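The lines below spell out each chain.
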Amino acid sequence: MPHTDAFNIVILIGYLLPVFTCGFLIFILPRHWQFKCKASVGIMISWIISVFYTIYIYNPYGIAMAIEQNIESAELKFDNNT
């Protein structure tokens, strides 16, 4: 599979992962918690997961795709420090 196709899948997962994570956490957290508390916990954990996803999956796949397409300074577009 070319890196461009794999990167499109990575982008799609990057959009869907926080939404499904938050929904899943709201569903499995204890019933006696208020909805606002469950939603806050779900949003915080989803945000943390999306940050790690960006660092360890999105950026490396983006760099690999840019290198495959011979883009100059491929790391600059997908480096989280720029």
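The structure presented is a predicted model; accordingly, all values stated were derived computationally and were not measured.

### Things to note about the environment of I67
Working step 1: Mapped onto the fold, I67 is located in helix α2 (residues 35-68).
Working step 2: Setting aside chain neighbours within four positions, we find I67 in contact with A74 and E75.

### What to know about the packing of aromatic side chains
Working step 1: Across all of its chains, the model carries 2 aromatic pairs by this definition.
Working step 2: A centroid spacing of 5.2 Å and a plane angle of 40° characterise the contact between F7 and Y58, whose relative ring orientation is tilted. Taken as a pair, F7 in helix α1 (residues 3-28) and Y58 in helix α2 lie far apart in primary sequence, 51 residues in all.
Working step 3: Ring centres of F52 and Y56 lie 6.1 Å apart, and the angle between their planes is 5°; this geometry places the pair in the stacked category. Linking F52 with Y56, this pair stays in helix α2, spanning 4 residues, or about one helical turn.
Working step 4: Taking the relative accessible area as the measure of exposure, F52 reaches 47% and is therefore partly exposed.
Working step 5: Relative accessible area serves as the criterion here: at 58%, Y56 is assigned to the exposed category.

Conventions used here
- Residues numbered from 1 in each chain as written.
- Predicted model: local features only at pLDDT ≥ 70, side-chain atom pairs only at ≥ 80, totals over all residues.
- Heavy atoms only, no water.
- Helix = DSSP H or I, 4+ residues; strand = E, 2+ residues; numbered from the N terminus.
- Contact = heavy atoms within 4.5 Å.
- Phe/Tyr/Trp six-rings, centres within 6.5 Å; stacked < 30°, edge-to-face > 60°.
- Buried < 20%, exposed > 50% of the residue type's maximum accessible area, 1.4 Å probe, protein only.

Treat this as a map of the structure, not an account of what it does.
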